[in-house]
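# Chains, contacts and geometry: an overview
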There are 2 protein chains.
Amino acid sequence: MTKTIRSDVEPFYYQYPSTVAVVSSRSRSRSNAMAVAWHTTISRRPPRYGVLIFPDTFTHELILESNEFVVNFMTIESANLIARLGGCSGREVDKFEAFEIAATSGSTVSAPVLEAAYASYECRVFSHQEYGDHDLFVGDVVAVQFEDSAYSMNGTTDIRKVTPVAYVGEDRYASINDPVYHDRHAL
Amino acid sequence: MTKTIRSDVEPFYYQYPSTVAVVSSRSRSRSNAMAVAWHTTISRRPPRYGVLIFPDTFTHELILESNEFVVNFMTIESANLIARLGGCSGREVDKFEAFEIAATSGSTVSAPVLEAAYASYECRVFSHQEYGDHDLFVGDVVAVQFEDSAYSMNGTTDIRKVTPVAYVGEDRYASINDPVYHDRHAL
């Protein structure tokens, strides 16, 4: 093992892989979907989820207009779609049409819920904050839609049934699998 | 595929799996390490990374005192350690001693850099914001340490060489592997 230490941090890719979500949005009959690798749970009670969005994007515009977004959690089967979402702008292409994305309106928001997602969080914007070259949108999770078969009885994701996707960088994706159990209180 | 829709969102585990990082901190000769599944890149330029920390934790106290933290990106081989980090508090146990964690002080911060990490971001606190039951610490990434063999020539993580770890929930962990390429501009 040999480590390199750098104080000039760029390129800034060492943190990957990260899980990928698709953020969908809708305002004034215009919808969009973009893939994000920068996202995280923010709070359990109240339930809040956060996504980092580049200000120039169509998604940023639609979220600001609608104060809503949906975070869709995806599997490796969607990796090709996820890649292509990043290859064009929703200002020029209706991605739902172009890529034949099956979706329905949320139950509490108008933003689309992707059928292929194993879970989707319907969010209303709680806060919007600039943090450098991206903006953090924190959403109150007002509803969740989830694929029944993807969860075990205790509510955890059953990755023997679904294979969530991670982004590795440079258009490379990976699978999350091989679950193992480690008791935090084991000696 | 059958989907359930809920507006009472708890339990709030549908978003998992998420990658795991170990956040290390140090203040007045006391060090700590905690595992977090709630973390994300925040900004590329300037490079910033964010972690969500529960206010009652020893880590929260140490970061507030020192204005520093390190985010360590870990592999599946550390899953057992990661589990055990969550089984006790750094107020009661010196986890570095108890779990024999090999670490050195950062190059620019005093917080520990874990030897087993494939990459570690040394961070100085840029902002600290309450967002529900957790606080978001956003750090300026002032230095990175990374394992040379874990990265390919273009700077992306080579997951054929290292197997990053994800948290699935309920003390279950998983591996990120099987890289695939999808051209975003493919027809």
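Residues numbered from 1 in each chain as written. Chains lettered and ligands numbered in written order. Predicted model: local features only at pLDDT ≥ 70, side-chain atom pairs only at ≥ 80, totals over all residues. Heavy atoms only, no water.

## Quick word on the overall build of chain A
This is how the line gets drawn: The way it works is that DSSP assigns letters per residue, a run of H or I at least four long becomes a helix, a run of E at least two long becomes a strand, and they are numbered from the N terminus. Atoms counted for the radius of gyration: C-alpha only. Globule rule: 2.2 Å times the number of residues to the power 0.38. Exposure is judged per residue with a 1.4 Å probe applied to protein chains only, and the accessible area is read against the type maximum: over 50% gives exposed, under 20% gives buried, and values in between give partly exposed. We call two residues contacting when some pair of their heavy atoms lies within 4.5 Å. All accessible areas in this document rest on Shrake-Rupley with a 1.4 Å probe, and a residue is counted as covered only by the protein chains that are shown.
A count of helices and strands for chain A gives three helices and 13 strands. Computed over the C-alpha atoms, the radius of gyration of chain A is 17 Å, within 12% of the 16 Å expected from 2.2 N^0.38 for a compact globule of 187 residues. Principal-axis analysis of the C-alpha atoms places the extent of chain A at approximately 55 × 45 × 35 Å. Residues classed as buried in chain A amount to 59% of the 187 residues present. For chain A, contacts bridging at least 24 residues in sequence account for 58% of all contacts bridging at least 6. As displayed, chain A offers around 7400 Å² of accessible surface, 47% of which is attributable to carbon and sulfur atoms.

## A short note on empty space enclosed by the protein
Counted only if it meets this: Space inside and on the surface of the protein is sampled on a 1 Å grid over the protein atoms alone, with a cavity defined as a set of points where a 1.4 Å probe fits but cannot get out and a pocket as an open set with protein on both sides within 12 Å along at least 5 of 7 lines; lining residues have an atom within 4 Å of a point. Grid points are joined across faces, edges and corners, and a volume is the space filled by probe spheres set on the points.
Counted according to the given criterion, the structure contains two cavities of 30 Å³ or more. What the largest cavity holds in volume is close to 170 Å³. Forming the boundary of the largest cavity are 22 residues, of which A:Ser18, A:Thr19, A:His39, B:Ser18 and B:Thr19 lie nearest the centre. At the level of secondary structure, the elements contributing two or more residues to the lining of the largest cavity comprise β2 (18-19) and β5 (39-43) of chain A together with β2 (18-19) and β5 (39-43) of chain B. The computed volume of the second largest cavity comes to approximately 40 Å³.

## Overview of helix α1 (residues 58-66) of chain A
Side chains three or four residues apart in an α-helix point the same way, a direct result of the helix having 3.6 residues per turn. Within α1(A), burial applies to A:Phe58, A:Thr59, A:His60, A:Leu62, A:Ile63 and A:Ser66. Residues of α1(A) that are buried sit in contact with β3 (21-27), β4 (30-36), β6 (48-53), β7 (68-73), β10 (119-130) and β11 (135-147) of chain A.

## Notes on the relation of the copies chain B and chain A
Between the two chain copies there is a screw-like relation: a rotation about an axis and a shift along it. Worth spelling out the cut-off: We superpose the copies by least squares over the C-alpha atoms of residues that have a pLDDT of at least 70 in both of them.
Relative to chain A, chain B is turned by 180° and slid 0.0 Å along the rotation axis, the superposed coordinates differing by an RMSD of 0.0 Å. In symmetry terms, the pair is related by a two-fold rotation axis. Minimal C-alpha distance to the rotation axis in chain B is attained by B:Ile176, lying at 2.3 Å. Looking at the interface residues of chain B, 100% of them are also at the interface in chain A, so both copies use one shared face.

## Some words on the sheet that holds strand β13 (residues 172-181) of chain B
Definition in use: A strand pair is defined by DSSP finding two or more bridges across the two strands.
Taken in spatial order, the six strands line up as β2(A)-β12(A)-β13(A)-β13(B)-β12(B)-β2(B) in an open sheet, and their pairing is antiparallel. For this open sheet the edge positions go to β2 of chain A together with β2 of chain B, each flanked by a neighbour on one side alone. Two strands pair when backbone bridges link them, and strand β12 (residues 165-169) of chain B and β13(B) are joined in this way by four bridges, in the antiparallel orientation. Within β13(B), the position partnered with B:Ala166 by the bridge is B:Ala174.

## Examining the interface of chain B and chain A
Convention followed: Defined in terms of a 1.4 Å probe, buried area is the accessible area two parts forfeit on being brought together, summed over both. Salt bridges are defined by distance alone: a side-chain nitrogen of Lys or Arg within 4 Å of a carboxyl oxygen of Asp or Glu. Side-chain atoms alone can form a polar contact between residues adjacent in sequence; in general such a contact is a pair of N or O atoms within 3.5 Å, and within protein one must be able to donate a hydrogen while the other accepts it. Any residue that is not Ala, Val, Leu, Ile, Met, Phe, Trp, Tyr, Cys, Pro, Asp, Glu, Lys or Arg is counted as polar, Gly included; the first ten are nonpolar and the last four charged.
Every contact between the two is made by 91 residues of chain B and, on the other side, 91 residues of chain A. When chain B packs against chain A, close to 8500 Å² is buried across both sides, 55% of that on carbon and sulfur atoms. Area buried by chain B at its contact with chain A is led by B:Tyr14, B:Tyr131 and B:Arg184, which between them contribute 10% of it. Counting the contacts that link chain B with chain A gives four salt bridges. Among the salt bridges present, the one from A:Asp171 reaches B:Arg184, with a minimum N-O distance of 2.9 Å. Linking chain B with chain A are 49 residue pairs in polar contact (both at pLDDT 80 or more). Here the side of chain B that touches chain A takes ten residues from β13(B), the largest share from any one element. In terms of residue class, the side of chain B that touches chain A is built from 46 nonpolar, 28 polar and 17 charged. In terms of strand pairing, strand β1 (residues 3-6) of chain A meets strand β11 (residues 135-147) of chain B through four bridges, oriented antiparallel. Bridge pairing in β11(B) places A:Lys3 opposite B:Glu147.

## A closer look at the pairing of strand β3 (residues 21-27) of chain B
Residues and elements named next belong to chain B. In terms of residue burial, β3 counts as a mostly covered element, since six of its seven residues are buried. Two elements, β3 and strand β4 (residues 30-36), share seven bridges in a ladder whose sense is antiparallel. Among the inter-strand pairings, Arg-26 is bridged to a residue of β4, identified as Ser-31. Connecting β3 to the next strand, β4, in antiparallel fashion are two residues, including Arg-28 with a positive phi near 45°. Judged from the four bridges that link them, β3 and strand β7 (residues 68-73) form a sheet pairing that is antiparallel. Of the residues in β7, the one forming a bridge with Val-22 is Asn-72.

## Remarks on unusual backbone geometry
At the junction of A:Tyr16 and A:Pro17, the peptide bond is cis and its omega measures out at 5° in the coordinates. By the secondary structure assignment, A:Pro17 is in the loop between β1 and β2. Even without a glycine there, the phi angle at A:Asn67 is positive, about 60°. With respect to the helices and strands, A:Asn67 occurs in the loop between α1 and β7. Judged by relative accessible area, which is 41%, A:Asn67 ranks as partly exposed. In this structure, B:Asp171 takes a positive phi of about 65° despite not being glycine.

## Brief notes about the confidence of the model for chain A
Keep this limit in mind: Scored from 0 to 100, pLDDT reflects the predictor's confidence in each residue.
Scored by pLDDT, chain A has a mean of 96; 99% of the residues are at 70 or more. Under the prediction, the complex receives an ipTM of 0.97, its pTM being 0.97.

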